[in-house]
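For reference, the chains in residue letters:
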Amino acid sequence: MKIAFIGLGNMGGGMAANLVKAGHEVNAFDLSEDALAAAKDNGCATFISAAEACEGAEAVVSMLPNGAIVKSVYSADVIGKAPAGAVFLDCSTIDVATAREVIGAAESAGYEMVDAPVSGGIAAANGGTLTFMVGGSQSAFSRAKPVLEAMGKAVIHAGDAGNGQAAKICNNMLLAIHMAGTCEAFAMAEKLGLDPQTFYDISSVSSGQNWSMTSYCPVPGVGPQSPSDNEYQGGFATALMLKDLRLAMEAADSSDSAVPMGARAAALYEDFNGAGNGGKDFSALIKTY
Ligand code: NAD
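Here's what I pulled together on the structure shown here. Quick caveat: nothing in here was measured; it's all calculated off a predicted structure. (Residues numbered from 1 in each chain as written. Predicted model: local features only at pLDDT ≥ 70, side-chain atom pairs only at ≥ 80, totals over all residues. Heavy atoms only, no water.)

## A closer look at the site of the ligand
The local shell around the ligand holds 23 residues, among which Asn10, Met11, Asp30, Leu64 and Lys243 are the closest. One of the side-chain nitrogen or oxygen atoms of Asp30 is found 2.6 Å away from an oxygen atom of the ligand. Residue Lys243 places a side-chain N or O atom 2.8 Å away from an oxygen atom belonging to the ligand. Summarising the interface, the protein chains cover 83% of the accessible area of the ligand, which totals 830 Å² for the free molecule. Counting residues per element, the ones that place at least two in the shell around the ligand are α4 (67-78) and α11 (238-254). Its residues placed into classes, the shell around the ligand shows 12 nonpolar, eight polar and three charged. (Near = heavy atom within 4 Å. Polar contact = N/O pair within 3.5 Å; in protein donor to acceptor, adjacent residues only side chain to side chain. Areas by Shrake-Rupley, 256 points an atom, 1.4 Å probe, with all protein chains shown as cover. Helix = DSSP H or I, 4+ residues; strand = E, 2+ residues; numbered from the N terminus. Nonpolar A, V, L, I, M, F, W, Y, C, P; charged D, E, K, R; others polar.)

## Some words on the environment of Lys287
Along the polypeptide, Lys287 turns up in the segment after α12 (260-277). Separated by 15 residues in sequence, Lys287 and Phe272 place their C-alpha atoms 9.6 Å apart.

## Considerations on α4
Taken together, the buried positions of α4 are occupied by Gly67, Val70, Val73, Tyr74 and Val78. End-on view of α4: buried residues confined to an arc of 130°, all on one side of the axis. In α4, those exposed residues whose orientation departs by more than 90 degrees from the buried face are Ala68 and Ser75. The secondary structure elements touched by the buried residues of α4 are β1 (2-6), α3 (50-54), β4 (59-62), β5 (87-90), α5 (96-108) and β6 (112-115). Where α4 begins, the capping side chain belongs to Asn66, and its oxygen is found 3.2 Å from the backbone nitrogen of Ala68. Directly beyond the C-terminal end of α4, a positive phi value near 90° is found at Gly80. (Buried < 20%, exposed > 50% of the residue type's maximum accessible area, 1.4 Å probe, protein only. Arc of directions from axis to C-beta. Contact = heavy atoms within 4.5 Å.)

## A short note on the pairing of β5
On β5, burial covers both faces: Val87 and Leu89 on one face and Phe88 and Asp90 on the other are all buried. As paired strands, β4 and β5 are joined by four bridges and run parallel to one another. Paired with Ala59 across the two strands is Val87, which belongs to β5. Once the chain exits β4 it traverses α4 before rejoining the sheet at β5, and the crossover so formed is right-handed. Here β5 pairs with β6 via four bridges, running parallel. For Val87, the partnering residue across the bridge sits in β6 and is Glu112. What joins β5 to β6 is α5, and the crossover it makes is right-handed. (Pairing = 2+ DSSP bridges. Right-handed = clockwise from strand over helix to strand, strands pointing away.)

Encoded structure:
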C-alpha cells in the first residue's frame, strides 16, 4: 500500500519505519531535515511538502505535536490533495473537539478518517508494539486497522470520531491520579517507619494495588525495573503527561464533567513541570513528597 506519513519525530520516525518493514511504500514529510534524513535511511521516500507526499497515497498517517498543527496540515495539505478514496489516520494526541472537527471536514470532502492516538512511548513506537485507541465509523476503522496493525500490538475501536482521543485522555488522567496517590502513600509509609519494600510487599497484594505501583513503581529498587531505577530518565516525560492532563481538563470543561481528582493531579504536574522537571519521567513526582 502507498502511505503518506506526516510528522517523523520521536514517535512518527519509528512508526514510519515499521510501515516500511511491513512492505508498504511510505512517502514521508516533516518540517525537520534531520527527521527526513532519518526517514530516508529507514527506507521512506521523502518529499518537500505534505501535499506532495499525499499524491497517489491510499492512506495518510500523521503523528504531530498538537491539534492546531493537525488542523492546519489537514486543511492545507491533505484534504483535497490526497486522492479521492484515501483513508486518513491521525495518531497524534490532540483535543477531542479538534479531532471531531478535522474528521468532519475530511468526511465533508468525501474521505474517511479516524483519530487513533497511542498508548506506549518511543520504545513501543520503534518496536511496533503501540496500542491504538481508534475513533471513527465502522467502515473507516476497518480500513485503518491493517495500517495500524503494522505499527502496534493492539488496535481497539473506541466508537465514533473523537472517541480515541477521549479514551486516551481519560486513561492518562487516571494514570496521573494513581501515580500521585502511589507517590503519596509510599512517602507517608516511610515517614511512619515502614520500609518501602515491605510496604510494596503488603500493598501490591492488597486493595491499594495499582499499575503505578506494580508495573512502574516510583521508588527506586522496588518492584520491576522502571524509570525510577534509572534516575527517572526515559519513560514518559512529565511535560507529555502535563500535555495530556491539560487536554483532559479542557475536555472536562467542555463536557461539564466533575474531575476533582484529575484537577488536583493536573495542578501537581503543572507545579512539578514548572520547577524544571519536564524532561524527567512522570514518576519523579515522588521527589516532591
Ligand atoms: P516530536 O516533537 O518528537 O515529533 C513531532 C514531529 O512533527 C517533529 O519532527 C516536527 O518537526 C513535526 N512537525 C511539526 N509541525 C509539522 C508540520 N506542520 N508538518 C510536518 N511535520 C511537522 O513529538 P513526538 O514525541 O513524536 O509526539 C508526537 C505525538 O505523539 C504528540 O501528539 C504526542 O503527544 C504523542 N505521543 C507521544 C508519546 C511519547 O512518548 N513521545 C507517547 C504517546 C503519544
